[in-house]
Amino acid sequence: MGAQIKHININNIEVPVIFEKQTSLPILNMQLVFQNSGSIQDKKLNGIASFSAKLLNEGTKKLGSTKFASKLESNAISLNATSGFETFVIELSSLKEVNDKAFNYLSDLLKDPNYDKSIIEKIKTIQIGLLKRKQNDYDYVARNQLKEILFKDTPLEKPSSGTIESISKIKLDDVKNFISNTFNLSNLIIVAGGDIEYDELSKKIKESLKSLKTGEKKELKSFNITAKPTTKELIKDTQQAYIYFGSKFNAIPKDKDNYMAKVASFILGGSGFGSRLMEEIRVKRGLAYSAYGYVSINKSHSYFTGYLQTKLESAKEAKKLVSKIVDNFVEKGVTKEELDSAKSFLLGSEPLRTETLAQRLGRAFNLYYKGLDQDYPKKELEKIQNLKLEDLNKYIKAHKEIINLSFSIVRK
């Protein structure tokens, strides 16, 4: 039957619910997705969203970290908070027989997070230690350096996990304020499915979330890449060169031609072996073990990006080759063989994308979140099936902005 879009009235707010019943396994999966509440809201305190999620994973103040975790584990209940860029998510999963307990623990967590200074210091110690180790993860370093270039003066400029300096500054009141501003019904979308009737689920949700305040609907900001093509190199004691690249891509989720962006992205660098980047960089020249590039279209930002690792002595050649490949791709487009191959894969692999309940719910949420109809994937596949070579190449040629590549390189 697939996922359905319903609504639950909680404290006079109509909260959307994306629901699918599935009885093959006696389980429940549910996500509370707070919109415009991830690291986009970090503002001057970089990493506060991620930090707040970690505090919520420390259980309630009443039980403490260990006892709360023990109760969850003994009942095979999973309750976790995570932070993305645009969203802040609390995920609950449990066996059908302990659904009541699972919702009670969720309610307790929402009302009584483990606000304790010792927990703040514990998370700080762990997070700063992690960030210090990441200083030697040159993929992480190069990727963040690229975002600094592309998204200067926007929330995307800083890593979502924060910096050693910003994490050191976080105080208990900062976390309290962030969570208080995040937990509100006006920005909530509920995603749920499993072996449960909707009416029963609705009652449990109402009871568990009645402590949440109404709040105000937040409008999501969008960010454009304004950076001119830039190359920034960082010298480290490394045995290979890490090359990340990116550029502007003019698109929003509701553009009618995004199906062509999907096909073009797949051919250029998203398909692994057989993609233009992989063929030219690895297969023909042996400059890298792998090379990827893809278009990312989000509500708040869209861009083209990619990466590869190569020998130190090959870094300059690889960088030039990436630019040449992208230039050639825009100027000459794709071949009929490349288009036919992309069609075969994208159409043939479609069933694999909706095998599990989690996949179907995830897709239904993304469509709803981006303002697309639930039958959009079906219509998209039909468009891909009927896509003509000349139309795709015309679309690619119209997106000349992707040739204005910026590079982030970590090398010796």
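Our subject is the structure that appears above.
In short, a report on the structure. (Residues numbered from 1 in each chain as written. Predicted model: local features only at pLDDT ≥ 70, side-chain atom pairs only at ≥ 80, totals over all residues. Heavy atoms only, no water.)

### A short note on the packing of helix α9 (residues 258–270) against helix α15 (residues 389–398)
Point 1. Remark: α9 packs on α15, axes separated minimally by 10 Å, with the N-to-C direction vectors making an angle of 85 degrees. Between α9 and α15, the angle falls in the class roughly perpendicular. Contacts between α9 and α15 pair Met-260, Ala-261, Val-263, Ala-264 and Ile-267 from the former with Asp-391, Leu-392, Tyr-395 and Ile-396 from the latter. (Axes fitted to C-alpha atoms, helices over the stretch in contact; angles between N-to-C directions. Helix = DSSP H or I, 4+ residues; strand = E, 2+ residues; numbered from the N terminus. Parallel < 35°, antiparallel > 145°, perpendicular 65-115°, else oblique. Contact = heavy atoms within 4.5 Å.)

### Some words on the sheet that holds strand β2 (residues 13–21)
Point 1. In spatial order, the strands read β1-β2-β6-β3-β5-β4; together these six strands make up an open sheet with mixed pairing. The sheet is open, and its two edges are formed by β1 (4–10) and β4 (78–83), each paired on a single side. Strand-to-strand twist of the sheet, defined as the mean angle between neighbouring strand axes without regard to direction, takes the value 20 degrees.
Point 2. As paired elements, β1 and β2 share seven bridges and run antiparallel to each other. Bridging across to β2, Gln-4 finds its partner in Phe-19. (Pairing = 2+ DSSP bridges.)

### Looking at the pattern of salt bridges
Point 1. Counting across every chain of the model gives 21 salt bridges.
Point 2. Glu-200 is the salt-bridge partner of Lys-204, the closest N and O atoms lying 3.8 Å from each other. Placement of the pair is Lys-204 and Glu-200 together in helix α8 (residues 198–209), with a separation of four residues, close to one helical turn.
Point 3. Take Lys-204: its relative accessible area is 15%, and that puts it in the buried class.
Point 4. The shortest N-O distance in the salt bridge between Glu-350 and Arg-363 comes to 2.8 Å. Placement of Glu-350 in the loop between α12 (336–348) and α13 (357–369) and of Arg-363 in helix α13 is noted, with a sequence separation of 13 residues between them.
Point 5. A relative accessible area of 24% means that Arg-363 is categorised as partly exposed.
Point 6. By sharing partners, the salt bridges in this structure join Asp-100, Glu-200 and Lys-204 into a single network. (Salt bridge = Lys/Arg side-chain N within 4 Å of Asp/Glu carboxyl O. Buried < 20%, exposed > 50% of the residue type's maximum accessible area, 1.4 Å probe, protein only.)

### Comments concerning empty space enclosed by the protein
Point 1. A full pass over the atoms with the stated rule returns one cavity of 30 Å³ or more.
Point 2. In this structure, the largest cavity occupies an estimated 90 Å³ of space.
Point 3. What lines the largest cavity is simply Phe-249, Ala-261, Ala-264, Ser-265, Leu-268, Val-295, Phe-304, Phe-329, Tyr-395, Ile-396, His-399 and Ile-402.
Point 4. Among the elements of the structure, α9 and α15 are those that each provide at least two residues to the lining of the largest cavity.
Point 5. Counted by class, the lining of the largest cavity contains 10 nonpolar, two polar and no charged residues. (1 Å grid on protein atoms, 1.4 Å probe; cavity = no way out; pocket = protein on both sides within 12 Å on 5 of 7 lines; lining within 4 Å. Points joined across faces, edges and corners; volume = space filled by probe spheres on them. Nonpolar A, V, L, I, M, F, W, Y, C, P; charged D, E, K, R; others polar.)

### Regarding the side chain of Ser-37
Point 1. Tracing the backbone shows Ser-37 in the loop between β3 (27–35) and α1 (48–56).
Point 2. Ser-37 sits in the buried class, given a relative accessible area of 0%.
Point 3. At a separation of 2.6 Å, a polar atom in the side chain of Ser-37 contacts the main-chain carbonyl oxygen of Gln-35.
Point 4. With near-sequence residues (within four places) excluded, Ser-37 lies in contact with Glu-86, Thr-87, Phe-88, Phe-178, Thr-182 and Lys-218. (Polar contact = N/O pair within 3.5 Å; in protein donor to acceptor, adjacent residues only side chain to side chain.)

### Some thoughts on helix α14 (residues 376–385)
Point 1. Restricting attention to buried positions, one finds in α14 the residues Tyr-376, Pro-377, Glu-380, Leu-381 and Ile-384. Seen from one end, α14 has its buried residues packed into an arc of 135 degrees, which puts them on one side.
Point 2. Against the buried residues of α14 lie α9, α12 and α13. (Arc of directions from axis to C-beta.)

### Considering the packing of aromatic side chains
Point 1. As enumerated under the stated definition, the model contains 14 aromatic pairs in all.
Point 2. The interplanar angle of 20 degrees and the centroid separation of 5.3 Å between the aromatic rings of Tyr-244 and Tyr-307 together place this pair among those described as stacked. Here Tyr-244 is found in strand β8 (residues 240–248), whereas its partner Tyr-307 is found in strand β10 (residues 302–311), with 63 residues between them in sequence.
Point 3. For Tyr-244, a relative accessible area of 6% puts it in the buried group.
Point 4. Seen from their ring centres, Phe-245 and Phe-407 are 6.0 Å apart, and the 45 degrees between their planes marks the pair as tilted. Here Phe-407 lies in strand β11 (residues 406–411) and Phe-245 lies in strand β8, a separation of 162 residues in the sequence.
Point 5. Phe-407 sits in the buried class, given a relative accessible area of 2%.
Point 6. A cation over a ring is seen here: Lys-6 above Tyr-198, with NZ or CZ 4.9 Å from the ring centre.
Point 7. It is Lys-134 that lies over the ring of Tyr-140; its NZ or CZ is 4.5 Å from the centre. (Phe/Tyr/Trp six-rings, centres within 6.5 Å; stacked < 30°, edge-to-face > 60°. Lys NZ or Arg CZ within 6 Å of the ring centre and 35° of its normal.)

### Quick look at the layout of surface pockets
Vacant regions in the atomic arrangement are exposed by a probe of water-molecule size rolled over the atoms.
Point 1. Volume-wise, the largest pocket comes out at about 1,300 Å³.
Point 2. The element that contributes the greatest number of residues to the lining of the largest pocket is α9, accounting for six residues.
Point 3. Taken together, the residues that form the lining of the largest pocket break down as 18 nonpolar, 15 polar and 12 charged.
Point 4. If you add up the space inside the second largest pocket, you get close to 400 Å³.
Point 5. For the second largest pocket, the lining is made up of 16 residues, of which Gln-135, Tyr-140, Val-141, Asn-144 and Glu-148 are closest to its centre.
Point 6. Of all the secondary-structure elements, those providing two or more residues to the lining of the second largest pocket are α4 (117–134), α5 (138–150) and β7 (231–235).
Point 7. For the lining of the second largest pocket, the element with the highest residue contribution is α5, accounting for five residues.
Point 8. Looking at the lining of the second largest pocket residue by residue, the classes come out as six nonpolar, five polar and five charged.

### Description of the packing of α12 against α14
Two quantities define a packed helix pair, namely the angle between the helix axes and the distance between the axes.
Point 1. Packing of α12 against α14 brings their axes to within 10 Å, and their N-to-C directions diverge by 160 degrees. Taken together, the axes of α12 and α14 lie roughly antiparallel to each other. Crossing angle aside, the handedness with which α12 passes α14 is left-handed. Counted together, Lys-343, Leu-346 and Leu-347 of α12 and Leu-381, Ile-384 and Gln-385 of α14 form the full contact between these two elements.
Point 2. Within the contact of α12 with α14, the residues separate by chemical class into four nonpolar, one polar and one charged. (Left-handed = near helix turned anticlockwise from the far one by under 90°.)

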